[in-house]
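Examination of the molecular architecture
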Amino acid sequence: MTMSNFLPYANSRNMIVVLPEGLHNSFNAKYCCGYALQNGIDDFNFFSLIQSEMSAEFEFVNPNVSYAVGWSNGGYMVTHAATLFRAVSPISGYS
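What you are looking at is a predicted structure, and each value in this text was computed from that prediction instead of being measured.

What follows is about the overall build of the protein. Looking only at helices and strands, the protein features 4 helices and 2 strands. Helices and strands appear in the protein in the N-to-C order α-α-α-β-α-β. Its C-alpha atoms give the protein principal-axis dimensions of roughly 35 × 30 × 20 Å. Taking all 95 residues of the protein together, 26% fall into the buried category. A separation threshold of at least 6 residues defines the contact pool for the protein, and within that pool the share at least 24 residues apart is 38%.

If you want it as structure tokens, here you go:
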């Protein structure tokens with residue numbers, strides 16, 4: 001499974017899918033993982049910036065009704081950044 005599997009569903013329902021990629025394939029999810037954690041990358045604010053930029057570019061985007069799905073390290077990340085979203089769904093990587 002890849003997150004791009006969400007694209008046909010989103011396109012058919014006029015939704016936007018954003019697929020952020022962490023530095024060296026990692027996000028700093030406070031307790032996990034890899035390069036981003038080891039180098040103190042501020043991925044929480046990265047996600048917040050994505051929401052701000054998307055809502056500035058598209059007037060119909062409302063950060064108060066955005067959702068996040070994460071796989072593996074992304075699962076940890078969406079859990080860490082849960083306050084930015086209406087709901088999160090970590091597929092794996094939840095603690």
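Now, onward.
Next up on the list: the side chain of Gln51. Among the secondary structure elements, Gln51 is positioned in helix 3 (residues 43–57). The class of Gln51 is buried, set by a relative accessible area of 12%. A polar contact of 2.9 Å, which involves the side chain of Gln51, links it to the backbone oxygen of Leu84. Sequence-distant contacts of Gln51, defined by excluding residues within four places in its chain, comprise Pro63, Ser66, Leu84 and Phe85.

Between its first and last C-alpha atoms helix 3 spans 21 Å; for 15 residues at 1.5 Å apiece the expected length is 21 Å, and the two agree. Listing the buried residues of helix 3 in full gives Asp43, Phe47, Ile50, Gln51 and Met54. Buried residues of helix 3, viewed axially, fall in a sector of 100°; they line one side. As for helix 3, its buried residues are in contact with helix 2 (34–38) and helix 4 (73–80).

Here we come to the nonpolar core. Judged by nonpolar contacts, Phe27, Ala29, Phe47, Ala68, Met77, Val78, Ala81, Leu84 and Phe85 together constitute the single largest core of 9 residues. Those residues in contact with Phe27 that sit more than four places away from it in its chain are Pro20, Glu21, Gly22, Cys32, Cys33, Ala36, Asp43, Phe46, Phe47, Asn73, Gly74 and Met77.

Turning to the confidence of the model for the protein, a few remarks are in order. Mean pLDDT over the protein stands at 89; residues scoring 70 or higher make up 96%. Per-residue pLDDT, averaged within each element of the protein, yields its smallest value for helix 1 (residues 6–12) (87) and its largest for helix 2 (95).

The rules we used
- Residues numbered from 1 in each chain as written.
- Predicted model: local features only at pLDDT ≥ 70, side-chain atom pairs only at ≥ 80, totals over all residues.
- Heavy atoms only, no water.
- Helix = DSSP H or I, 4+ residues; strand = E, 2+ residues; numbered from the N terminus.
- Buried < 20%, exposed > 50% of the residue type's maximum accessible area, 1.4 Å probe, protein only.
- Contact = heavy atoms within 4.5 Å.
- Polar contact = N/O pair within 3.5 Å; in protein donor to acceptor, adjacent residues only side chain to side chain.
- Expected span 1.5 Å × (residues − 1).
- Arc of directions from axis to C-beta.
- Core = buried A, V, L, I, M, F, W, Y, C linked by side-chain atoms within 4.5 Å.
- pLDDT = per-residue confidence, 0-100.

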